[in-house]
Amino acid sequence: MTEKRSTFQAHLAPVTHKCQVNMVMEKLLENKKVANATHNIMAYRILPSDSNIVIQGCDDDGEVHAGSRMLHLLQIIEATNLIVVISRWFGGILLGPDRFKFINNCARQICDQHGYIKVKQNENKHSRKSKKTK
């Protein structure tokens, strides 16, 4: 995804143990293009098979609050056993708060493409029925 000359690229890998998070990041950063990104924003959630406690974390890589917002997205969609990394190459135009929208849209898309979205949000789920008055 490219917006105002900034490019965002999503990466996803399945993980089942916290040590795999660092392994995935190291492997991803072997790619020179990814390593040269302005930011590599990361969030992960792991649900060990022997526990019901989710292990989770994030890293902004200099894009303040972006990692925690992406982690919040993973919590909302109840995605587990994955790491999502969004690489951003700054294009010279400040995006302001819209950058979070682009980062989360990329993260949501890749999670959806790989079947990690467990909760489908339904706008009509909580809609109220109109009552007729006499």
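Residues numbered from 1 in each chain as written. Predicted model: local features only at pLDDT ≥ 70, side-chain atom pairs only at ≥ 80, totals over all residues. Heavy atoms only, no water.

For the protein chain, an unreviewed UniProt entry supplies the name Impact N-terminal domain-containing protein and the organism Octopus vulgaris.

J.: I keep staring at the sheet that holds strand 5 (residues 82-89) and nothing clicks. Help me out?
T.: Strand pairing in a sheet relies on backbone hydrogen bonds, with the paired strands running either antiparallel or parallel. Pairing in this open sheet of 5 strands is antiparallel, and the strands run 1-2-5-3-4 from one edge to the other. Pairing within the sheet leaves two strands with one partner each, and these edge strands are strand 1 (2-3) and strand 4 (55-59). For strand 2 (residues 6-14) and strand 5, the ladder comprises 8 bridges, and the chain directions are antiparallel. What sits directly across from L12, in strand 5, is V84. Lying on the sheet, helix 3 (residues 66-76) is in contact with strand 3 (39-46), strand 4 and strand 5; it crosses strand 3 at an angle near 35°. (Pairing = 2+ DSSP bridges. Helix = DSSP H or I, 4+ residues; strand = E, 2+ residues; numbered from the N terminus. Contact = heavy atoms within 4.5 Å. Axes fitted to C-alpha atoms, helices over the stretch in contact; angles between N-to-C directions.)

J.: Sorry if this is basic, but what is going on with the pattern of salt bridges here?
T.: Note that side chains of opposite charge can pair when their charged atoms are close. Summed over the entire model, instances satisfying the criterion amount to 3 salt bridges. E63 is paired through a salt bridge with R88; the nearest N and O atoms lie 2.7 Å apart. Of this pair, E63 sits in the loop between strand 4 and helix 3 while R88 sits in strand 5, placing them 25 residues apart in sequence. Assessed through its relative accessible area of 6%, E63 is described here as buried. For R88, a relative accessible area of 5% translates into the label buried. Of the charged contacts, one joins R99 and E63 as a salt bridge, the two residues approaching to 2.7 Å between their closest N and O atoms. Of this pair, R99 sits in helix 4 (residues 98-113) while E63 is found in the loop between strand 4 and helix 3, placing the two residues 36 residues apart along the sequence. (Salt bridge = Lys/Arg side-chain N within 4 Å of Asp/Glu carboxyl O. Buried < 20%, exposed > 50% of the residue type's maximum accessible area, 1.4 Å probe, protein only.)

J.: Could you clarify how one ought to interpret helix 1 (residues 18-28) in this entry?
T.: An α-helical turn contains 3.6 residues, so a residue and the one three or four places further along point in the same direction. Buried within helix 1 are the following residues: V21, M25 and L28. The buried residues of helix 1 occupy one face: seen down the axis, they fall within an arc of 70°. Turned more than 90 degrees from where helix 1 packs its buried face, N22, M23, E26 and K27 sit exposed. Along its buried surface, helix 1 packs onto strand 2, helix 2 (32-35), strand 3 and strand 5. (Arc of directions from axis to C-beta.)

J.: I would appreciate a short explanation of the packing of aromatic side chains in the present structure.
T.: Any pair of aromatic rings gets described here by the distance separating the centres and the angle formed by the planes. Taken as a whole and assessed by the stated rule, the structure comprises 1 aromatic pair. Judged by centre distance (5.8 Å) and plane angle (45°), the rings of F8 and F102 are tilted. Note that F8 is positioned in strand 2 and F102 in helix 4, a separation of 94 residues in sequence. For the pair formed by F8 and F102, the shared burial category is buried. Lying across the ring of W89, K33 places its NZ or CZ 5.4 Å from the centre. Between R69 and the ring centre of F100, over which it is positioned, the NZ or CZ distance is 4.0 Å. (Phe/Tyr/Trp six-rings, centres within 6.5 Å; stacked < 30°, edge-to-face > 60°. Lys NZ or Arg CZ within 6 Å of the ring centre and 35° of its normal.)

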